[in-house]
Amino acid sequence: MIPNHKHSTFTRRQLLGAAALAPVIPAAALADETPQLRTLAGPDRVVMKTGKTYLRGWAGYGDPPQINRQPRNRNAPPPPPPPTGPAATSAWSKESGPGEVTFADPKSLVTTAKFSTPGTYVLKLTANNGQASNSSTLTVSVEEPPPAHALEPIYTKANKLDSPFWNPRIKALIVNWIPHCVDQINRTDIKIGPGGIDNFVEAAKKLRGEPHGLHKGYVFSNAWVHQTVESMSIALMVDPQADQEIIKAQEKMRATLEDWIPKILAAQESDGYLQTAFTLSREGPNGTTIDTAGFKHWDRRGDHEGYVGGYFLESAINHYLMTNGKDKRLYNAATKLADCWYNNLGPAPKKAWYDGHQEMEQALGRFGRFVNEVEGPGKGQKYIELAKFLLDSRSRASKDERERSPYDQSHLPVTEQYEAVGHSVRAVYSYSGMADVAIGTHDVDYESAVKSLWANIVHKKYYVTGGVGAVGSFEGFGAEYALPNAAYCETCASCGEIFYQWKMHLLYHDAKYADLYEDSLYNGLLGSLDLDAKHFFYDNPLDATVSRYTWHVCPCCVGNLARTLLMLPTWTYTRSADGLNVNLFVGGTVNVENAAGMNIRMVQATDYPRSGKVAITLHPDVSKNFTVRVRIPNRAVSLLYPPSPEVSGVTSLKVNGSAVKPVIEKGYAVITRNWKAGDKIELDVPMKPQRVHANDNVATLRNKVALRYGPMIYNIEKADQDIAKLLGPDSPLTAEWKPDLLGGVVTIKGQFTDGSPMLAIPNYARKNRSGPPTEYPPQGQRVAADSIIWIKERDA
Ligand SMILES: [Zn+2]
């Protein structure tokens, strides 16, 4: 098989006088011939003009190597040896492009290339065995490097939400979802998906030399305890605005934190290490016990030591912020854990190692940035360097090639990875951590790799909901353009997508990343919960079948989704050297600290995304000249899903009532002026129903259409109509506000080709009327989808 992104020519076939160019030659036709010489140039990629790209070409016989996206099955018989043929020489050359290309060694399959000028280049790998030749190409986009200074994050602190759209969603999280997670974590009798605060209690007993129980659940079951600590901390910074239910829920959260924090800290070992699955022996399968006495720390790839430790670091950041730095118990313990890792792992004589799951890598980036903020510039740099060391150790720290796997992104050095592969949560956490390293070190190889991986995902492996992960069997990325509607799209992968896109925005200062994380937020992530926030989806297929459930055998998403949704202020604003950026339109008040040298209270009044009318009032501490960049939404960032009609720009933009015509830069309207308290920006973002047709390369989506309104993707549901009907391309679409449907939604109305009415509801509100929710996802029988995104437009 020849991957579809390669462009191969078969000169031997032409020499033999066979039929004109054919992309694939049937094996039978070649059975009596000498083996075909083949080449593979590698995946398309992006490179910074100041850097180089790493080429790993292949020339040989038989099938070109494909990245094995599945975890390696060690029990499987080895594959048959590939056919052999005459030795071939190979050479790289420039096929096209605006400038010069310098290959370090053009005759070597594994080499590097540098480029003189930005632009799009096609590189060609040609092999010749004296009888025949074959060539393949790859495309390289050469870009200017990112600005010298990344944007600065806004930490989510005390904030007040005033959004008809978001207030009910955030309230449901606070009064229903988080208390549910707390109750589950406090239980000691959960049979499926166990392992809560009890693990910390038992570990502390062991550390005190008392009789104790076994570690329960997965090795990573500490994760949802830490995520829920973080979720409670952020939820306590939401102004309850006298809502008695929110006040009551927040009281329970305060009491829970006071109960849990001492229990968590009592399980921390004296050197700072914290992972109860190592402190305690573990419950094994079928009532067995796994004795961990001989287990060393940082020795085994699959024990999620970094995954669990990373969530602990992150929880400490938001607990510190919630208490305004007055309660440093978690922060100090997190520093101790981060130092424990730093003291043990690193360049020789320290140990080179990496965890199979990259949560620690992204947490160290975030923690390092936060320590720089709290303790002073440079103080957190060692944690960012440790994140880089852990990432650099992927593939290099394993002498045994069998340990290197695309499943956990260790198949190649991370800076030579240009295609998103493997387990999708590990992948996006890895890329998110790599973006942190690029921000914190300006390493040009990292800048090129994160941009290449981003382009590969967004233009070839991305779902219209902002979710990622096509393949359920290993929870991961599939081949390019292979995007079935029975998608996996794990909720944690939507969280990771938001972190990754947001950090790309910090690095490259571009609004297009906010366009994408807005999509993940309003669809993939928000839709993981039901409207009451009592049930959730672990995986989010585009053809929805089963109902949501209260818990999962692997509850990795339960706290992750809550903490990510609650950090709206962080996703909404960022700081630049000369002012601030408005990235999302969310009604409410956020105090943006230390922007343009002062505090600026930002007040947004809007019912977005129900309408596009947004008013932003600024309250800077003092009148001053600075720049406000307001994102102008672009719904066509991914080349996979061009919407029509085109809806772009703003219908109107005013400052203090007077129309302004700002410069548009990197997707932002740039407004520089002397700002004073009470100055108001008003904009009208055009909102219209749009049809989305997928790029032709996505075979499964031909003859189908999806619907979009602003950032929201739509579903049609059996509850309203027969979803097998055709929605003709000429059917007019209208948006209609339905206050009584699903808590109030903007619907899209149209007409099926048989003349009957079509009603579509936002994807986040799907599956709130079909079938009772369950405790766990139902196993076994397949049921037909009753809520779909991609509607048939014509019979194929
Ligand atoms: Zn998850």
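The rules we used
- Residues numbered from 1 in each chain as written.
- Predicted model: local features only at pLDDT ≥ 70, side-chain atom pairs only at ≥ 80, totals over all residues.
- Heavy atoms only, no water.
- Pairing = 2+ DSSP bridges.
- Helix = DSSP H or I, 4+ residues; strand = E, 2+ residues; numbered from the N terminus.
- Axes fitted to C-alpha atoms, helices over the stretch in contact; angles between N-to-C directions.
- Donors = N, O, S within 2.8 Å, 3.2 Å for Na, K, Ca; no water.
- Buried < 20%, exposed > 50% of the residue type's maximum accessible area, 1.4 Å probe, protein only.
- Polar contact = N/O pair within 3.5 Å; in protein donor to acceptor, adjacent residues only side chain to side chain.
- pLDDT = per-residue confidence, 0-100.
- Contact = heavy atoms within 4.5 Å.
- Patch = residues over 30% accessible without salt bridge, like charges linked within 9 Å, V, L, I, M, F, W, Y side chains within 5 Å.
- Areas by Shrake-Rupley, 256 points an atom, 1.4 Å probe, with all protein chains shown as cover.
- Salt bridge = Lys/Arg side-chain N within 4 Å of Asp/Glu carboxyl O.

### Observations concerning the sheet that holds strand β7 (residues 101-103)
An order of β4-β8-β7 is seen for the 3 strands of this open sheet, with the pairing classed as antiparallel. What marks the edges here is a single partner per strand, and that holds for β4 (53-56) and β7. The average angle at which neighbouring strand axes cross in this sheet is 30°, direction not considered. Of the strand pairs in this sheet, β4 and strand β8 (residues 110-115) are connected by 4 bridges, and their pairing is antiparallel. Note that in β8 the partner of Leu 55 across the bridge is Thr 111.

### Remarks on the sheet that holds strand β26 (residues 668-675)
Reading across the sheet, the 6 strands line up as β11-β16-β17-β21-β26-β25 and stay open at both edges, with mixed pairing between neighbours. Of all the strands in the sheet, just β11 (152-153) and β25 (663-665) have a single pairing partner and so form its edges.

### Digging into the coordination of the zinc ion
At this site the zinc ion is bound by Glu 490 (OE), Cys 492 (SG), Cys 556 (SG) and Cys 557 (SG), with donor distances of 2.1 to 2.3 Å. Binding-site remark: the zinc ion is held by donors from one chain whose sequence spacing is E-x1-C-x63-C-C. Accessibility assignment for this pair places Cys 556 and Cys 557 in one class, buried.

### A closer look at unusual backbone geometry
For the bond running from Ala 348 to Pro 349, omega is 10°, close enough to zero to count as cis. Mapped onto the elements, Pro 349 comes out in the loop between α8 (329-344) and α9 (359-375). For the bond from Ser 644 to Pro 645, the omega torsion is -5°, close enough to zero to count as cis. Structurally, Pro 645 is set in the loop between β22 (643-644) and β23 (652-655). One non-glycine residue, Ala 596, adopts positive backbone phi at about 50°. Considering the arrangement of structural elements, one finds Ala 596 in the loop between β18 (588-595) and β19 (598-606). Positioned with a positive phi, Asn 656 is a non-glycine residue whose angle comes to about 50°. Examined against the element boundaries, Asn 656 turns out to sit in the loop between β23 and β24 (658-659). On the basis of relative accessibility, which here comes to 36%, the residue Asn 656 falls in the partly exposed class.

### Some words on the side chain of Glu 419
Residue position: Glu 419 is located in the loop between α10 (381-393) and α11 (424-441). Here Lys 461 takes part through its side chain, which lies 3.0 Å from a polar atom of the side chain of Glu 419.

### Description of the confidence of the model for the protein chain
Chain-level statistics for the protein chain give a pLDDT mean of 93 and a share of 94% at 70 or above. In this model, residues 1-31 is a region of pLDDT below 50 whose contacts with residues beyond four sequence positions or in other chains number 52 contacts.

### Topic: the pairing of strand β29 (residues 704-709)
Of all 6 residues making up β29, 5 are buried, and the element is well covered by its neighbours. Two strands pair when backbone bridges link them, and strand β28 (residues 689-692) and β29 are joined in this way by 4 bridges, in the antiparallel orientation. Paired with Gln 690 across the bridge in β29 is Arg 708. Bridge count for β29 against strand β30 (residues 712-717) is 2 bridges, and the pairing is antiparallel.

### Concerning a nonpolar patch on the surface
A cluster of nonpolar side chains, contributed by Ile 192, Tyr 218 and Val 553, occupies part of the molecular surface with about 240 Å² of accessible area. Note that Tyr 218 resides in the loop between α3 (197-207) and α4 (223-235). On the accessibility criterion, Tyr 218 (36% relative accessible area) is partly exposed.

### Concerning α3
Note that an α-helix has 3.6 residues per turn; residues three or four places apart therefore point the same way. Considered for burial, the residues of α3 that qualify are Ile 197, Asp 198, Asn 199, Phe 200, Glu 202, Ala 203 and Ala 204. Packed against the buried residues of α3 are α2 (166-186), α4, α5 (244-266) and α6 (276-279). Remark: Gly 209 follows α3 within two positions and exhibits a positive phi of approximately 80°.

### Observations regarding the side chain of Ser 424
Among the secondary structure elements, Ser 424 is positioned in helix α11. Take Ser 424: its relative accessible area is 0%, and that puts it in the buried class. Other than its neighbours up to four places away in sequence, Ser 424 contacts Val 468, Gly 469, Glu 475, Gly 476, Phe 477 and Ala 493.

### Regarding the environment of Lys 718
Looking at where Lys 718 falls in the secondary structure, it is placed in the loop between β30 and β31 (734-738). Linking Lys 718 and Ser 141, residues 577 residues apart in sequence, is a C-alpha distance of 45 Å. Once residues within four sequence positions are removed from consideration, Lys 718 is found in contact with Ile 723, Ala 785 and Asp 786.

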